[in-house]
Amino acid sequence: MTLVEQSRGAAGLPVVGVIVALIAATALSAQDSKELAMSPEELVRTTVRNEVAAADQPNLHHMFHSRRQTSKGSQTRVYVETNQALAEMLIASNDRPLTAEQQQAETNRLAALANHPEQIRKKGAREKEDEDRSLRIVKALPDAFCYEYAGTENSATGLGKEGDRLVKLKFRPNPAYSPPSHVEQVLKGMEGELLIDAKIHRLARIDSTLFQEVAFGWGILGHLNKGGHFRVQQADLGLEDGAWGVTEISLNMSGKILMVKGINLVSDEVSSDFRQMPEQLTFDQGVELLKSEEVNLAHSHHLTETTVARQRN
């Protein structure tokens, strides 16, 4: 799942529209600068082209686990990407397996959805709209900000491609940039850092803060408060298809919609255990894969409990 595609996930928000932990970096050496052989803006533009190209591969599907922590507790889900829409199943609440009643409720929900093609179509359309908004933000990155080199970091598990050097860029709004719509308006109030895999030109992390209140829809539709923070991290999944996927999302945003409804988004989400799925996968097939995964997880949990009980005895 790419940076753009993650907009389908449990957070229900476009990833780049709500752009992982801050790490101290060393200064960029003269040798590093020679190796890059391009300006920060050129590096970002090349990287964005690769991110857009990666998003334009609709037949790359994966199954993955995602744990989302909020002030109300945590929920862990399994996701399967399909040609029609994202299939998902809750498998744990507050790090505890679901009860038999909760499992049945999830099974019934999925069965009901699978039996209504129109609902699946609408779900897929909503996810596509989120992806399109995210893609517009990604495409705007080269023009919306001014960049400067700020050091390097080592890649790590869940961050970039292991073994590759990551280049850090600081960014601030480009005063000459004029957002073409309210979707890109948020960029005018953002500043922060990018981490880019300089070897293959992929985006490893976006870490950003709103340094001022950002209004959208001329302030009529709403605003996001100053001080909001978000970060998104992605990595090479180490699969045969060469895909990258979002591994962490952290959101801390507040504001208002239509000047009435309050927004308060505080969550941390970590995705893992990515597995490659068949290219042609229907929603029904995705649901069956979720059911199989649920059975495997239940069996694994039973074996763990049995082992613990034996050790106690």
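We now turn to the structure provided with this report. Along each chain, the written sequence defines residue order, and numbers are assigned to residues from 1. Only residues with pLDDT of 70 or above have their local features reported here, since the model is predicted, and side-chain atom pairs are shown and tallied only from 80 upward, although totals for entire chains, interfaces and linings are computed over all residues. Note: side-chain values were computed over all heavy atoms of the structure, leaving out hydrogens and water.

1. Re the packing of aromatic side chains
Okay, step 1: Here the aromatic set is Phe, Tyr and Trp, taking the six-membered ring for Trp, and pairing holds for ring centres within 6.5 Å; pairs whose planes are under 30 degrees apart are stacked, those over 60 apart are edge-to-face, and all others are tilted. The tally for this structure, following the rule as stated, stands at five aromatic pairs.
Okay, step 2: On the basis of an interplanar angle of 15° and a centroid distance of 5.2 Å, the ring pair of Phe64 and Tyr79 is categorised as stacked. One end of the pair, Phe64, is in strand β1 (residues 61-70); the other, Tyr79, is in strand β2 (residues 73-81), and 15 residues separate them in sequence. Tyr79 carries the same exposure label as Phe64, and that label is buried.
Okay, step 3: Site record: aromatic cluster; members linked through ring pairs are Phe64, Tyr79 and Phe274. Strands are runs of DSSP state E lasting at least two residues, helices are runs of H or I lasting at least four, and both sets are numbered from the N terminus onward. Exposure categories follow from relative accessible area, calculated using a 1.4 Å probe and restricted to protein chains: below 20% of the type maximum is buried, above 50% is exposed, and the middle band is partly exposed.

2. Re the pairing of strand β12 (residues 244-257)
Okay, step 1: Following DSSP output, two strands are said to pair if at least two bridges run between them. Sheet analysis places strand β10 (residues 222-224) next to β12, joined by three bridges and oriented antiparallel. What sits directly across from Leu224, in β12, is Gly255.
Okay, step 2: Pairing of strand β11 (residues 229-236) with β12 involves eight bridges; the strand directions are antiparallel. By the bridge assignment for β12, Asp236 is matched with Trp244.

3. What about the pattern of salt bridges?
Okay, step 1: Salt bridge, as used here: a side-chain nitrogen of Lys or Arg that lies within 4 Å of a carboxyl oxygen of Asp or Glu. Enumeration according to the criterion identifies 18 salt bridges in this entry.
Okay, step 2: Here Glu127 and Lys123 are joined by a salt bridge, their closest N and O atoms 2.6 Å apart. Of the two residues, Glu127 and Lys123 are both situated in helix α4 (residues 117-144); the distance of four residues between them amounts to about one turn of the helix.
Okay, step 3: Given the relative accessible area of 8%, Glu127 is considered buried.
Okay, step 4: For Lys123, a relative accessible area of 17% puts it in the buried group.
Okay, step 5: If you follow the salt bridges from partner to partner, you end up with Arg77, Glu88, Glu106 and Arg109 in one network.

4. Some details on the environment of Gly151
Okay, step 1: Relative to the elements of secondary structure, Gly151 occurs in strand β5 (residues 145-154).
Okay, step 2: For Gly151, a relative accessible area of 0% puts it in the buried group.

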